[in-house]
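Per-entry structural report
Spelled out, the chains give:
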Amino acid sequence: GERLAWQERKAELFTVTPQACGCPTLGHQPSAEYAGGMTLGTAMALSGAALSPNMGYHSSPLVAFVMTLFDVRLVAWLGNPAWRRWRQPGPRSCISWLLREALGRTDARSPFVYLSDGGHFENLGLYEMVRRGCRDIVVVDAGCDPGYRFEDLGNALRKIRIDLRVPIAFEEGDLAELRAHHRRCAVAAVQYSAADPGAADGTLLYLKPVLLGNEMPDVASYAAAHPAFPHQSTTDQWFDESQTESYRMLGLQTIEDVCQQPALAALLAPPPTAAAAG
């Protein structure tokens, strides 16, 4: 885009739903027709395109050039929703678009947009939920964060406050207790009323992998043998059986602990269904 204040970001959020694909600044187009028909598999592949020459606020001109040169790229050029060619599955010729990629010329003014991992803009998906005005939000922060610096959370809160004018205030001491390994979650108020007086505020339940000492023996055993657990590097994309099961059980333990607190369990409960009278 052309907003100088966003030059640090070098990216904007692009959402894909069963109904539409796009973003607020470029508009949205029907998913059934967009890029020849958007599928769930394509959406998942794009959302996992973590390795790409242009990576939003992680971008580097030198890295972009080298990665493009050696074809280390997991991205896609798809139609710009604001242009008439948005139905095309991609450019007919790749040469000029590879050159754009190498030089970092991935902007909103071309007929095609450059789609990569959503984490290159905001890794938790929290921004889009707040933009839509969701009242009860559950976020699982499973990024590699052994020092509990909350980088992904901080990035999301900052962008939400700047763009949407919605502050998110955590309950006092929650994040400190999470960092000290005294609890597995934190709760925050999503203050929609700050941007829209009269609007009802929402609630954010923030979950993060933490070892409290009450885990199952097999999880404790895996943790003892792998000190980086549960914050092993996300560059490890090939979990073995014991690793997968340890993370699964820790996640289950986290949810069970949360559900023991009635106020928090209500956020995880399915919405009530309407009874049919007959």
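Everything in this summary refers to the structure shown in the same document. The model shown is predicted, which means the values in this text are computed figures rather than measured ones.

Here we take up the sheet that holds strand S6 (residues 136-140). One open sheet holds the four strands; their spatial order is S6-S9-S8-S7, and the pairing between them is mixed. This sheet does not close on itself; its edge strands, each paired only once, are S6 and strand S7 (168-170). The average angle at which neighbouring strand axes cross in this sheet is 25°, direction not considered.

With respect to the helices, strands and loops of the structure, Ser 59 is situated in the loop between helix H1 (40-47) and helix H2 (61-69). Relative accessible area serves as the criterion here: at 18%, Ser 59 is assigned to the buried category. It is 34 Å that separates the C-alpha atoms of Ser 59 and Glu 245, two residues lying 186 residues apart in sequence. Among all residues touching Ser 59, those that are not within four sequence positions of it are Lys 10 and Asn 54.

Residue Pro 230 follows Phe 229 across a cis peptide bond; omega there is 5°. As for its position among the elements, Pro 230 is in the loop between helix H7 (217-225) and helix H8 (241-259). Although it is not a glycine, Arg 165 sits at a positive phi angle of roughly 60°. Here Arg 165 is to be found in the loop between helix H5 (151-164) and S7. A residue is classified by how much of its surface remains accessible, and Arg 165, at 54% relative accessible area, is exposed. Phi at His 181 is positive, roughly 60°, even though this residue is not glycine. Along the chain, His 181 turns up in the loop between helix H6 (174-179) and strand S8 (185-190). A relative accessible area of 34% means that His 181 is categorised as partly exposed.

What follows concerns a nonpolar patch on the surface. On the surface, Leu 62, Phe 65, Val 66 and Leu 69 cluster together to form a nonpolar patch covering roughly 410 Å² of accessible area. With respect to the helices and strands, Leu 69 occurs in helix H2.

Here H2 has its buried residues at Ala 64, Met 67 and Thr 68. Looking straight down H2, one finds that the buried residues subtend no more than 100° of arc, so they occupy a single side. Turned more than 90 degrees away from the buried face of H2, the exposed residues are Leu 62 and Leu 69. Tucked inside the fold, the buried residues of H2 contact helix H3 (95-103).

About the cut-offs
- Residues numbered from 1 in each chain as written.
- Predicted model: local features only at pLDDT ≥ 70, side-chain atom pairs only at ≥ 80, totals over all residues.
- Heavy atoms only, no water.
- Pairing = 2+ DSSP bridges.
- Helix = DSSP H or I, 4+ residues; strand = E, 2+ residues; numbered from the N terminus.
- Axes fitted to C-alpha atoms, helices over the stretch in contact; angles between N-to-C directions.
- Buried < 20%, exposed > 50% of the residue type's maximum accessible area, 1.4 Å probe, protein only.
- Contact = heavy atoms within 4.5 Å.
- Patch = residues over 30% accessible without salt bridge, like charges linked within 9 Å, V, L, I, M, F, W, Y side chains within 5 Å.
- Areas by Shrake-Rupley, 256 points an atom, 1.4 Å probe, with all protein chains shown as cover.
- Salt bridge = Lys/Arg side-chain N within 4 Å of Asp/Glu carboxyl O.
- Arc of directions from axis to C-beta.

Function cannot be inferred from these measures alone, as they are strictly geometric.
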